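Okay, here's what each chain looks like letter by letter:
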Amino acid sequence: MGMGAAGGGGGGGGRRRRGRRKAVMSEINITPMVDVMLVLLIIFMVAAPMMTAGVPVDLPQSAAADMPSQTQPITVAVTPEGAIFVDETPVDEANLVTTVAGLATPEDRIFLRGDTTANYGSVMRVMGLLSAAGYSKIGLVTEREQ
């Protein structure tokens, strides 16, 4: 009834396994990272088209080719009621040039989106205001014909 019998058997028990330690795994498991990246890819693929839409405007259709785009173009939209929006922010004609001047330089491209049912004169008035302010790179946005 010595100390060896109280330890639950001889030979050191279950705590003294210093020699049998498992080696540290030095490989990286990338499966969880790939899963996260695929989920993020799907989220961005679904969310990206929703971010490009601005003011709901029914664009006219054209057979013209796409223009090369810049990183972040300024978009000016004219609704059927004649309201003017600069990147989804409503502005009036008097403040149009100052609002655009705060966002772009005269060398930047400006995309003008006019609704199909909008008054032609109001779309041309907005284009004339921008042109008179020194913006020469004004592009009219249309949808591709089917």
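Being a predicted model, the structure only gives us computed values, none of them experimental. (Residues numbered from 1 in each chain as written. Predicted model: local features only at pLDDT ≥ 70, side-chain atom pairs only at ≥ 80, totals over all residues. Heavy atoms only, no water.)

J.: Looking at this structure, how should I read the environment of Val97?
T.: Residue placement: Val97 occurs in helix 3 (residues 93-103). Each residue touching Val97, except ones within four places of it in the same chain, is listed here: Leu129 and Ala133. (Helix = DSSP H or I, 4+ residues; strand = E, 2+ residues; numbered from the N terminus. Contact = heavy atoms within 4.5 Å.)

J.: Which parts of the structure should I look at to understand the confidence of the model for the protein?
T.: Predicted coordinates in regions of low pLDDT should not be interpreted in detail. Per-residue pLDDT for the protein has a mean of 75; in total, 71% of the residues score no lower than 70. Averaged over each element, pLDDT in the protein is lowest for helix 1 (residues 3-6) (52) and highest for strand 3 (residues 84-86) (86). (pLDDT = per-residue confidence, 0-100.)

J.: Please clarify how the sheet that holds strand 3 should be interpreted in this entry.
T.: With mixed pairing, 5 strands are arranged side by side in an open sheet as 4-3-2-5-6. At either end of the open sheet lies a strand with only one pairing partner, and these are strand 4 (89-91) and strand 6 (138-140). The average angle at which neighbouring strand axes cross in this sheet is 30 degrees, direction not considered. Relative to strand 6, strand 5 (residues 110-114) runs parallel, the two sharing 3 bridges. When the bridges of strand 6 are listed, Ile110 appears paired with Ile138. Across the face of the sheet, helix 3 comes into contact with strand 2 (74-78), strand 3, strand 4 and strand 5 while running at roughly 10 degrees to strand 3. (Pairing = 2+ DSSP bridges. Axes fitted to C-alpha atoms, helices over the stretch in contact; angles between N-to-C directions.)

J.: In this structure, what is going on with the pattern of salt bridges? I would like to understand it.
T.: One side chain can pair with another of opposite charge once the charged atoms of both are near each other. A full pass over the atoms with the stated rule returns 1 salt bridge. In this structure, Arg125 engages Glu93 in a salt bridge whose closest nitrogen and oxygen atoms are separated by 2.7 Å. Highlighted residues: Arg125 in helix 4 (residues 120-132) and Glu93 in helix 3, separated in sequence by 32 residues. For Arg125, a relative accessible area of 39% translates into the label partly exposed. What makes Glu93 partly exposed here is its relative accessible area of 34%. (Salt bridge = Lys/Arg side-chain N within 4 Å of Asp/Glu carboxyl O. Buried < 20%, exposed > 50% of the residue type's maximum accessible area, 1.4 Å probe, protein only.)

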